[in-house]
Amino acid sequence: MTGTDVGLLNALPLALALALALVHLLAGRLRSLTVVPRSRWLSMAGGASVAYVFVHLLPEVQEASETVDARGVFPAMLDTHVYILSLIGFATFYGLEQFVRRSRARDRRLAETDVSVFWIHCGSFAVYNALIGYLLVHREVPGVTNLLTYTVAMGLHFLVNDVGLREHHGDAYHRRGRWLLAGAIVAGCGLGYAVAVDELVLALLVAFLAGGIILNVIKEELPADRESRFWAFAAGATGYTLVLLAV
(Lines give C-alpha, C1' and ligand atoms only; values in the text may rest on other atoms or scores of the structure.)
Protein backbone atom coordinates (compact mmCIF):
# COMPACT_ATOMS: atom_id res chain seq x y z
CA MET A 1 0.00 0.00 0.00
CA THR A 2 1.46 3.39 -1.02
CA GLY A 3 1.73 6.43 1.19
CA THR A 4 -1.13 8.02 -0.80
CA ASP A 5 -3.37 5.04 -0.09
CA VAL A 6 -2.58 5.21 3.60
CA GLY A 7 -3.33 8.92 3.61
CA LEU A 8 -6.70 8.38 1.96
CA LEU A 9 -7.60 5.66 4.47
CA ASN A 10 -6.62 7.93 7.34
CA ALA A 11 -8.79 10.73 5.91
CA LEU A 12 -11.80 8.46 5.36
CA PRO A 13 -13.23 8.76 8.91
CA LEU A 14 -13.27 12.56 8.61
CA ALA A 15 -15.01 12.40 5.25
CA LEU A 16 -17.60 10.04 6.70
CA ALA A 17 -18.05 12.28 9.76
CA LEU A 18 -18.83 15.19 7.45
CA ALA A 19 -21.33 13.01 5.58
CA LEU A 20 -23.04 12.09 8.87
CA ALA A 21 -23.13 15.76 9.88
CA LEU A 22 -24.99 16.54 6.66
CA VAL A 23 -27.74 14.11 7.69
CA HIS A 24 -28.65 16.40 10.60
CA LEU A 25 -28.27 19.54 8.52
CA LEU A 26 -30.43 18.36 5.63
CA ALA A 27 -32.95 16.00 7.23
CA GLY A 28 -35.39 18.86 7.85
CA ARG A 29 -35.87 19.24 4.10
CA LEU A 30 -37.48 15.80 3.96
CA ARG A 31 -40.97 16.88 5.01
CA SER A 32 -42.44 13.50 4.16
CA LEU A 33 -40.65 11.99 7.19
CA THR A 34 -42.82 13.85 9.71
CA VAL A 35 -46.23 12.66 8.52
CA VAL A 36 -48.63 10.38 10.38
CA PRO A 37 -48.90 7.47 9.68
CA ARG A 38 -45.13 7.28 10.02
CA SER A 39 -43.14 7.35 6.79
CA ARG A 40 -42.27 3.83 5.68
CA TRP A 41 -38.76 5.09 4.88
CA LEU A 42 -38.28 6.24 8.45
CA SER A 43 -39.46 2.89 9.80
CA MET A 44 -37.07 1.13 7.41
CA ALA A 45 -34.23 3.35 8.62
CA GLY A 46 -35.05 2.43 12.22
CA GLY A 47 -35.13 -1.26 11.35
CA ALA A 48 -31.73 -1.06 9.66
CA SER A 49 -30.24 0.75 12.67
CA VAL A 50 -31.50 -1.90 15.08
CA ALA A 51 -30.23 -4.66 12.76
CA TYR A 52 -26.75 -3.14 12.93
CA VAL A 53 -26.86 -3.15 16.73
CA PHE A 54 -27.88 -6.81 16.99
CA VAL A 55 -25.76 -8.19 14.12
CA HIS A 56 -22.58 -6.13 14.49
CA LEU A 57 -22.53 -3.97 17.59
CA LEU A 58 -23.60 -6.53 20.19
CA PRO A 59 -20.97 -9.03 18.97
CA GLU A 60 -18.49 -6.18 19.43
CA VAL A 61 -19.87 -5.77 22.95
CA GLN A 62 -19.16 -9.47 23.52
CA GLU A 63 -15.58 -8.92 22.36
CA ALA A 64 -15.48 -5.93 24.67
CA SER A 65 -16.62 -8.18 27.50
CA GLU A 66 -13.74 -10.53 26.80
CA THR A 67 -11.36 -7.57 26.84
CA VAL A 68 -12.67 -6.46 30.22
CA ASP A 69 -12.50 -10.02 31.57
CA ALA A 70 -8.89 -10.30 30.49
CA ARG A 71 -8.03 -7.16 32.45
CA GLY A 72 -9.70 -8.42 35.64
CA VAL A 73 -10.99 -4.93 36.37
CA PHE A 74 -14.37 -6.00 37.77
CA PRO A 75 -15.18 -8.68 40.35
CA ALA A 76 -15.65 -12.13 38.86
CA MET A 77 -19.31 -12.22 39.94
CA LEU A 78 -20.05 -9.32 37.57
CA ASP A 79 -19.62 -11.47 34.47
CA THR A 80 -22.17 -9.31 32.61
CA HIS A 81 -20.54 -5.99 33.47
CA VAL A 82 -20.21 -4.78 29.86
CA TYR A 83 -23.86 -5.52 29.19
CA ILE A 84 -24.67 -3.50 32.30
CA LEU A 85 -23.08 -0.56 30.46
CA SER A 86 -25.48 -1.23 27.57
CA LEU A 87 -28.34 -1.17 30.05
CA ILE A 88 -27.06 2.12 31.46
CA GLY A 89 -26.96 3.58 27.94
CA PHE A 90 -30.53 2.40 27.36
CA ALA A 91 -31.75 3.78 30.70
CA THR A 92 -29.94 7.12 30.27
CA PHE A 93 -31.72 7.97 27.04
CA TYR A 94 -35.02 6.63 28.34
CA GLY A 95 -34.69 9.02 31.27
CA LEU A 96 -33.93 11.92 28.93
CA GLU A 97 -36.98 11.13 26.81
CA GLN A 98 -39.25 11.02 29.86
CA PHE A 99 -37.75 14.26 31.16
CA VAL A 100 -38.50 16.08 27.90
CA ARG A 101 -42.02 14.63 27.51
CA ARG A 102 -43.00 15.61 31.05
CA SER A 103 -41.63 19.10 30.49
CA ARG A 104 -43.77 19.45 27.36
CA ALA A 105 -46.81 18.05 29.20
CA ARG A 106 -46.69 20.86 31.79
CA ASP A 107 -47.90 23.27 29.15
CA ARG A 108 -49.24 21.71 25.99
CA ARG A 109 -49.68 25.14 24.45
CA LEU A 110 -45.93 25.46 23.94
CA ALA A 111 -44.67 24.66 20.45
CA GLU A 112 -41.19 24.13 21.89
CA THR A 113 -39.68 22.99 25.17
CA ASP A 114 -38.15 25.66 27.43
CA VAL A 115 -34.56 26.72 26.96
CA SER A 116 -33.02 24.71 29.81
CA VAL A 117 -34.72 21.48 28.69
CA PHE A 118 -33.63 22.14 25.12
CA TRP A 119 -29.97 22.50 26.06
CA ILE A 120 -29.97 19.50 28.39
CA HIS A 121 -31.59 17.30 25.75
CA CYS A 122 -29.56 18.49 22.76
CA GLY A 123 -26.39 18.65 24.83
CA SER A 124 -26.82 15.00 25.77
CA PHE A 125 -27.30 14.06 22.14
CA ALA A 126 -24.23 16.12 21.24
CA VAL A 127 -22.13 13.94 23.57
CA TYR A 128 -23.77 10.85 22.06
CA ASN A 129 -22.98 12.07 18.52
CA ALA A 130 -19.42 12.89 19.52
CA LEU A 131 -19.00 9.31 20.72
CA ILE A 132 -20.29 8.01 17.39
CA GLY A 133 -17.87 10.34 15.61
CA TYR A 134 -15.01 9.16 17.82
CA LEU A 135 -15.74 5.53 16.95
CA LEU A 136 -15.34 6.34 13.26
CA VAL A 137 -11.62 6.56 14.00
CA HIS A 138 -11.37 3.82 16.63
CA ARG A 139 -13.37 0.76 15.63
CA GLU A 140 -13.44 -2.44 17.68
CA VAL A 141 -13.32 -4.31 14.36
CA PRO A 142 -11.02 -2.52 11.89
CA GLY A 143 -11.41 -2.37 8.11
CA VAL A 144 -13.02 -0.18 5.48
CA THR A 145 -16.06 -2.44 5.04
CA ASN A 146 -16.85 -2.38 8.76
CA LEU A 147 -16.40 1.39 8.79
CA LEU A 148 -18.79 1.88 5.88
CA THR A 149 -21.51 -0.38 7.31
CA TYR A 150 -21.19 1.49 10.61
CA THR A 151 -21.52 4.84 8.85
CA VAL A 152 -24.59 3.84 6.86
CA ALA A 153 -26.29 2.49 10.00
CA MET A 154 -25.47 5.63 11.98
CA GLY A 155 -26.65 7.87 9.14
CA LEU A 156 -30.03 6.12 9.16
CA HIS A 157 -30.05 6.32 12.95
CA PHE A 158 -29.41 10.09 12.87
CA LEU A 159 -32.31 10.47 10.45
CA VAL A 160 -34.60 8.82 12.99
CA ASN A 161 -33.18 10.89 15.87
CA ASP A 162 -33.49 14.12 13.92
CA VAL A 163 -37.22 13.67 13.40
CA GLY A 164 -37.78 13.05 17.12
CA LEU A 165 -35.68 16.05 18.19
CA ARG A 166 -37.38 18.31 15.67
CA GLU A 167 -40.77 17.21 17.04
CA HIS A 168 -39.73 18.01 20.62
CA HIS A 169 -37.96 21.32 20.05
CA GLY A 170 -39.41 22.78 16.87
CA ASP A 171 -37.72 25.87 15.48
CA ALA A 172 -35.11 25.95 18.27
CA TYR A 173 -33.76 22.64 17.01
CA HIS A 174 -33.72 23.87 13.42
CA ARG A 175 -31.91 27.09 14.32
CA ARG A 176 -29.39 25.75 16.85
CA GLY A 177 -29.79 22.09 17.74
CA ARG A 178 -29.05 20.53 14.37
CA TRP A 179 -25.84 22.58 14.08
CA LEU A 180 -24.76 21.50 17.56
CA LEU A 181 -25.35 17.83 16.76
CA ALA A 182 -23.68 18.04 13.35
CA GLY A 183 -20.65 19.79 14.85
CA ALA A 184 -20.43 17.20 17.63
CA ILE A 185 -19.96 14.38 15.11
CA VAL A 186 -17.04 16.17 13.46
CA ALA A 187 -15.59 17.20 16.84
CA GLY A 188 -15.76 13.60 18.06
CA CYS A 189 -13.98 12.42 14.95
CA GLY A 190 -11.32 15.09 15.42
CA LEU A 191 -10.86 13.95 19.01
CA GLY A 192 -10.42 10.42 17.70
CA TYR A 193 -7.49 11.55 15.58
CA ALA A 194 -5.93 13.38 18.53
CA VAL A 195 -6.57 10.92 21.38
CA ALA A 196 -6.52 7.12 21.44
CA VAL A 197 -8.14 5.76 24.59
CA ASP A 198 -7.23 2.47 26.19
CA GLU A 199 -8.80 -0.66 24.69
CA LEU A 200 -10.74 -1.20 27.91
CA VAL A 201 -12.31 2.28 27.74
CA LEU A 202 -13.16 1.76 24.08
CA ALA A 203 -14.91 -1.50 24.96
CA LEU A 204 -17.05 0.25 27.57
CA LEU A 205 -17.93 3.08 25.16
CA VAL A 206 -19.13 0.59 22.53
CA ALA A 207 -21.31 -1.14 25.13
CA PHE A 208 -22.89 2.15 26.25
CA LEU A 209 -23.52 3.17 22.63
CA ALA A 210 -25.32 -0.07 21.84
CA GLY A 211 -27.86 0.51 24.60
CA GLY A 212 -28.39 4.10 23.54
CA ILE A 213 -29.04 3.21 19.91
CA ILE A 214 -31.59 0.54 20.81
CA LEU A 215 -33.58 2.93 22.99
CA ASN A 216 -33.42 5.87 20.57
CA VAL A 217 -34.78 3.78 17.72
CA ILE A 218 -37.42 1.92 19.71
CA LYS A 219 -38.80 5.08 21.36
CA GLU A 220 -39.52 6.48 17.91
CA GLU A 221 -41.25 3.32 16.69
CA LEU A 222 -43.35 2.14 19.63
CA PRO A 223 -45.67 5.03 20.64
CA ALA A 224 -49.19 4.45 19.32
CA ASP A 225 -49.52 8.01 18.02
CA ARG A 226 -46.65 7.36 15.59
CA GLU A 227 -48.76 4.80 13.69
CA SER A 228 -45.47 3.15 12.73
CA ARG A 229 -45.26 0.70 9.85
CA PHE A 230 -44.19 -2.70 11.17
CA TRP A 231 -43.58 -4.24 7.75
CA ALA A 232 -41.35 -1.37 6.72
CA PHE A 233 -39.42 -1.69 10.00
CA ALA A 234 -39.10 -5.46 9.47
CA ALA A 235 -38.01 -4.98 5.86
CA GLY A 236 -35.32 -2.51 6.92
CA ALA A 237 -34.07 -4.85 9.65
CA THR A 238 -34.08 -7.88 7.35
CA GLY A 239 -32.51 -6.10 4.41
CA TYR A 240 -29.64 -4.60 6.37
CA THR A 241 -29.06 -7.86 8.21
CA LEU A 242 -28.57 -9.58 4.86
CA VAL A 243 -26.15 -6.84 3.80
CA LEU A 244 -24.16 -7.21 7.02
CA LEU A 245 -24.00 -10.97 6.69
CA ALA A 246 -22.86 -10.67 3.06
CA VAL A 247 -19.97 -8.30 3.70
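Procedures and definitions
Residues numbered from 1 in each chain as written. Predicted model: local features only at pLDDT ≥ 70, side-chain atom pairs only at ≥ 80, totals over all residues. Heavy atoms only, no water. Helix = DSSP H or I, 4+ residues; strand = E, 2+ residues; numbered from the N terminus. Buried < 20%, exposed > 50% of the residue type's maximum accessible area, 1.4 Å probe, protein only. Areas by Shrake-Rupley, 256 points an atom, 1.4 Å probe, with all protein chains shown as cover. Phe/Tyr/Trp six-rings, centres within 6.5 Å; stacked < 30°, edge-to-face > 60°. Patch = residues over 30% accessible without salt bridge, like charges linked within 9 Å, V, L, I, M, F, W, Y side chains within 5 Å. Salt bridge = Lys/Arg side-chain N within 4 Å of Asp/Glu carboxyl O. Polar contact = N/O pair within 3.5 Å; in protein donor to acceptor, adjacent residues only side chain to side chain. Contact = heavy atoms within 4.5 Å.

## Examining the overall build of the protein chain
Phase 1 of the analysis: The number of helices and strands found in the protein chain is seven helices and zero strands.
Phase 2 of the analysis: Reading the helices (α) and strands (β) of the protein chain from amino to carboxyl end gives α-α-α-α-α-α-α.
Phase 3 of the analysis: For the protein chain, the proportion of its 247 residues judged to be buried stands at 46%.
Phase 4 of the analysis: If you sum the accessible surface of the protein chain, you get close to 11900 Å²; carbon and sulfur atoms cover 68% of it.

## Concerning the packing of aromatic side chains
Phase 1 of the analysis: The tally for this structure, following the rule as stated, stands at seven aromatic pairs.
Phase 2 of the analysis: Aromatic pair phenylalanine 118 and tryptophan 119: ring centres 4.9 Å apart, planes at 75°, arrangement edge-to-face.
Phase 3 of the analysis: Judged by relative accessible area, phenylalanine 118 falls into the buried class, the value being 2%.
Phase 4 of the analysis: Given the relative accessible area of 41%, tryptophan 119 is considered partly exposed.
Phase 5 of the analysis: Centre to centre, the rings of phenylalanine 125 and tyrosine 128 are 5.7 Å apart; their planes meet at 75°, and the pair counts as edge-to-face. Placement of the pair is phenylalanine 125 and tyrosine 128 together in helix H4 (residues 115-137), with a separation of three residues, close to one helical turn. For the pair phenylalanine 125 and tyrosine 128, one class covers both residues: buried.
Phase 6 of the analysis: Connected via pairs of aromatic rings, a cluster forms that spans Phe93, Phe125, Tyr128 and Phe208.

## A word on a nonpolar patch on the surface
Phase 1 of the analysis: A surface patch of nonpolar side chains, about 280 Å² in accessible area, is lined by Leu191, Val195, Val197 and Val201.
Phase 2 of the analysis: Mapped onto the secondary structure, valine 195 falls in the loop between helix H5 (144-194) and helix H6 (199-221).

## A word on the environment of aspartate 114
Phase 1 of the analysis: Checked against the element boundaries, aspartate 114 lands in the loop between helix H3 (81-106) and H4.
Phase 2 of the analysis: Owing to a relative accessible area of 34%, aspartate 114 belongs among the partly exposed residues under this scheme.
Phase 3 of the analysis: Residues aspartate 114 and histidine 169, spaced 55 residues apart in sequence, show a C-alpha to C-alpha distance of 8.6 Å.

## Considering the side chain of serine 49
Phase 1 of the analysis: When you line up the elements, serine 49 lands in helix H2 (residues 40-71).
Phase 2 of the analysis: Engagement of the side chain of serine 49 in a polar contact is seen with the backbone oxygen of alanine 45, the distance being 3.0 Å.
Phase 3 of the analysis: At a separation of 3.2 Å, a polar atom in the side chain of serine 49 contacts the main-chain amide nitrogen of histidine 157.
Phase 4 of the analysis: If we ignore the near neighbours within four places in the chain, the residues touching serine 49 are Ala153, Leu156, His157, Ile213 and Val217.

## Some points on the pattern of salt bridges
Phase 1 of the analysis: Scanning all chains against the criterion turns up four salt bridges.
Phase 2 of the analysis: We note a salt bridge from arginine 101 to glutamate 97, for which the minimum N-O separation is 2.9 Å. With a gap of four residues between them, arginine 101 and glutamate 97 both fall in helix H3, about one helical turn apart.
Phase 3 of the analysis: With a closest N to O distance of 2.4 Å, arginine 175 and aspartate 171 form a salt bridge. Of this pair, arginine 175 and aspartate 171 both sit in helix H5, four residues apart, which is roughly one turn of the helix.
Phase 4 of the analysis: Since its relative accessible area comes to 39%, aspartate 171 is described here as partly exposed.
Phase 5 of the analysis: The structure contains a network of salt bridges with shared partners spanning Glu97, Arg101 and Lys219.

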